[in-house]
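Below, each chain spelled out in residue letters.
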Amino acid sequence: MQSIHPRLATGSRVTTASGIVEGIADQDAGIHSFRGIPFAAPPVGDLRWRPPQPAASWAGVRRAGQFGPRAMQLRIFGDMGFRSSGMSEDCLYLNIWTPAASDQERLPVLVYFYGGGFLAGDGSEPRYDGASLARRGLVVLTVNYRLNVFGFLAHPELTQESPQHASGNYGCLDQAAALHWVHTNIAAFGGDPGRVTIAGESAGSSSVCAQMVSPLAKDLIAGAIGSSGSLIGLLSPIPLAEAEQRGVAFAASVGARSLAALRALPAALLLEATANIPVLQPTPTLDGYFLPRPPAEIFAAGEQARVPLLAGWNSEEMGYPWLMGGEPPTPESFARVLRARYGEAAEQALRLYPAATNEQALQAATDLAGDSFTGYSTWKWCELHGRTSGRPVYRYLYAHPRPPMTPEMGDAVAGLAGGVLSGSEAAALRPPAPRGAVHSAEIEYALGNLATNTVYAWTPDDDTLSELMQTYYANFVKTGDPNGPGLPQWSPANHGDAAQVMRLDVEPRLEPEQHRERYLFLDPILRDA
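Source: prediction; values computed, not measured.

A. Up close: helix α16 (residues 460-479). Taking 1.5 Å of rise per residue, the 20 residues of α16 would be expected to cover 28 Å, and the 29 Å separating its terminal C-alpha atoms lies within 8% of that figure. Once α16 ends, the next one or two residues include glycine 480, with phi positive near 80°.

As structure tokens, then:
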């Protein structure tokens, strides 16, 4: 390993625009990590529900060896484990892993936004750790952003006090502020501010989509990676007036008759009051500022960040109960649900999702649930960007199921989004046996963090697939193209007559798009859902 430049020597001191930070040097791995760097002022007190403000400067050396607090959130997803120093409204921190030997290097940069339905998540989660990809020559960051009511509340008084007459997108504004911080500071960590790729899964993927269309961020992006979700379809932004009505209703539910009263309430009380908000309700808002128009319109007009895109989804994004409720899928019950859902179009739906037997009905219900949840949303994003950007779109289907759990897990079962259920909870809420790769299953593979998840009994096949995915990701961040020596060829989906999709599995292969008719059927139904 080459000698370490004095600014990235043992102790890892780096000068940022706000002051000197000292991280942790892993000399054996050749990686320097910096945890808990503030990229904006704490959004507390009068800054609650305001756009992020610049972080205050500090004198001397700020230690960057511990993750900052995670955003305010309820315990929702069982697969989330945190290394953060507690939970707080004071949550706007980022983390950096860099292999740079000096600040003279200009390495490509990956900025990762966590998932969690805009309700939960944190940049400290072990599955997002950046060390593995950093060893492949990338500067990797994870970024915290405000969640739930703290990140997505709109209110008439907030709109009125805003110079832009906007409210509701504070979590997205946090992400944009972090990208501006990266543009200003990343060179000091050996990164290239002109080669910043943004990535994320689920709500993090929708965040990538949002930053691509926002005038506040789109010029800061050189590439984008999206896994399972966009802002087209299920998580489409809502009109500002509707978001304001929701905000007024929430304020009334906590007895706050004014914005001042809302800001005076303890954070813990506000968080507790959100327990009855339906999952997926916190969504970005068409505020005319961060999001000037619906994302689908911006992509269709070619006004987004015109950068290479690598995006896809998993083979079992959602289980059939999401569609069927408590009713088991049979040919009769599935047809009944489709008639109630699609009316006269139900017969077309049954042709595209055939269910002549119980087994077929089970698979059809699983497929339709997954397509409706994130499959269509991600497909439409790829379609529009591929048509108007003039840049390649690399599409994938992640199809490798997780291996069985380790014996130590006993009677535990996998739950929503990779969560783990055990004991009486597992008995009461036992989900269907997995039929493919569930939502979020690809994260540890793509980021090289299988070893951080001790729930599953990983095999050499899992390690091989993880190696492949990391290589594809690293190549894409470096060049805008995932291909490289010794890898299965991955052709862009938007080049040629038939879209090509990389099936990511133990035996990866490029194959023609299988279910285009399904997404065309769902398009008029879900496009503006």
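The rest of the description comes next.
B. Main features of the sheet that holds strand β4 (residues 31-38). Spatially, 11 strands are ordered β3-β4-β6-β8-β7-β9-β10-β13-β14-β17-β18 in an open sheet, and the strand pairing comes out mixed. The two strands at the open ends of the sheet, each matched to only one other strand, are β3 (24-26) and β18 (509-512). Pairwise comparison of adjacent strand axes, ignoring direction, gives a mean angle of 20° for this sheet. Note: strand β14 (residues 393-398) against strand β17 (residues 500-504), four bridges, orientation parallel. Opposite tyrosine 398, over in β17, you have leucine 504 as the bridge partner.

C. Examining the pattern of salt bridges more closely. Summed over the entire model, instances satisfying the criterion amount to 27 salt bridges. Close ionic contact of arginine 509 with glutamate 511 constitutes a salt bridge, the shortest N to O distance being 3.2 Å. Residue class for glutamate 511 comes out buried when judged on its relative accessible area of 12%. Counted as one network, the salt bridges with shared partners bring together Glu383, Arg387, Arg395, Glu513 and Arg516.

D. The packing of aromatic side chains, seen in detail. Applying the stated criterion across every chain, the model contains 17 aromatic pairs. Between the aromatic rings of tyrosine 398 and tyrosine 445, the centroid separation amounts to 5.7 Å while the plane-to-plane angle is 55°, which identifies the pairing as tilted. Residue tyrosine 398 is found in strand β14, and its partner tyrosine 445 is found in helix α15 (residues 443-447); the two are separated by 47 residues along the sequence. Neither residue differs from the other here; tyrosine 398 and tyrosine 445 are each classed as buried. Three or more aromatic residues joined by ring pairs form one cluster here, namely Tyr114, Phe118, Tyr145 and Phe152. The ring of tryptophan 58 has arginine 62 sitting right over it, with the charged end atom 5.4 Å from the ring centre.

E. Region of interest: the pairing of strand β7 (residues 107-113). Burial of β7 is extensive: seven of the seven residues sit out of reach of the surface. Bridge count between β7 and strand β9 (residues 191-201): six bridges; the pairing is parallel. Opposite leucine 107, over in β9, you have glycine 191 as the bridge partner.

F. Inspection of unusual backbone geometry at higher detail. Here the phi dihedral of phenylalanine 118 falls at roughly 60°; this positive angle occurs in a residue that is not glycine. Along the chain, the position of phenylalanine 118 falls in the loop between β7 and α1 (131-134). Taking the relative accessible area as the measure of exposure, phenylalanine 118 reaches 1% and is therefore buried. Even without being a glycine, serine 202 presents a positive backbone phi close to 60°. Take serine 202: its relative accessible area is 13%, and that puts it in the buried class.

G. View of the side chain of glutamate 442. Looking at the element boundaries, glutamate 442 is found in the loop between α14 (423-429) and α15. One buried charged residue, glutamate 442, forms no salt bridge at all, with the nearest opposite charge on arginine 402 at 7.1 Å. Within the structure, glutamate 442 has its side chain in polar contact with the side chain of asparagine 314 (distance 2.8 Å). Once residues lying within four places of it in the same chain are set aside, the contact partners of glutamate 442 are Glu201, Ser227, Asn314, Tyr398 and Met469.

H. Quick look at the pairing of β17. The pairing of β17 with β18 spans four bridges and is classified as antiparallel. Residue pairing in the sheet places methionine 502 in a bridge with leucine 510 of β18. Linking two consecutive strands that pair antiparallel, namely β17 and β18, is a turn of four residues.

I. Main features of the sheet that holds strand β5 (residues 61-63). Read across the open sheet, the three strands follow the order β1-β2-β5; overall the sheet is mixed. The strands lining the two open edges of the sheet, one partner per strand, are β1 (13-15) and β5. This sheet shows a mean twist of 30° between the axes of neighbouring strands, independent of strand direction. Where strand β2 (residues 20-22) meets β5, three bridges bridge the pair, whose relative direction is parallel. Looking at β5, one finds that isoleucine 20 is bridged to valine 61.

J. Highlighting the nonpolar core. By size, the foremost hydrophobic cluster in this structure holds 148 residues, and its most contacted members are Ile96, Val111, Phe189 and Phe334. No other element matches helix α13 (residues 358-388), which puts 11 residues into this core.

About the thresholds
Residues numbered from 1 in each chain as written. Predicted model: local features only at pLDDT ≥ 70, side-chain atom pairs only at ≥ 80, totals over all residues. Heavy atoms only, no water. Helix = DSSP H or I, 4+ residues; strand = E, 2+ residues; numbered from the N terminus. Expected span 1.5 Å × (residues − 1). Pairing = 2+ DSSP bridges. Axes fitted to C-alpha atoms, helices over the stretch in contact; angles between N-to-C directions. Salt bridge = Lys/Arg side-chain N within 4 Å of Asp/Glu carboxyl O. Buried < 20%, exposed > 50% of the residue type's maximum accessible area, 1.4 Å probe, protein only. Phe/Tyr/Trp six-rings, centres within 6.5 Å; stacked < 30°, edge-to-face > 60°. Lys NZ or Arg CZ within 6 Å of the ring centre and 35° of its normal. Lys, Arg positive; Asp, Glu negative; His and termini not counted. Polar contact = N/O pair within 3.5 Å; in protein donor to acceptor, adjacent residues only side chain to side chain. Contact = heavy atoms within 4.5 Å. Core = buried A, V, L, I, M, F, W, Y, C linked by side-chain atoms within 4.5 Å.

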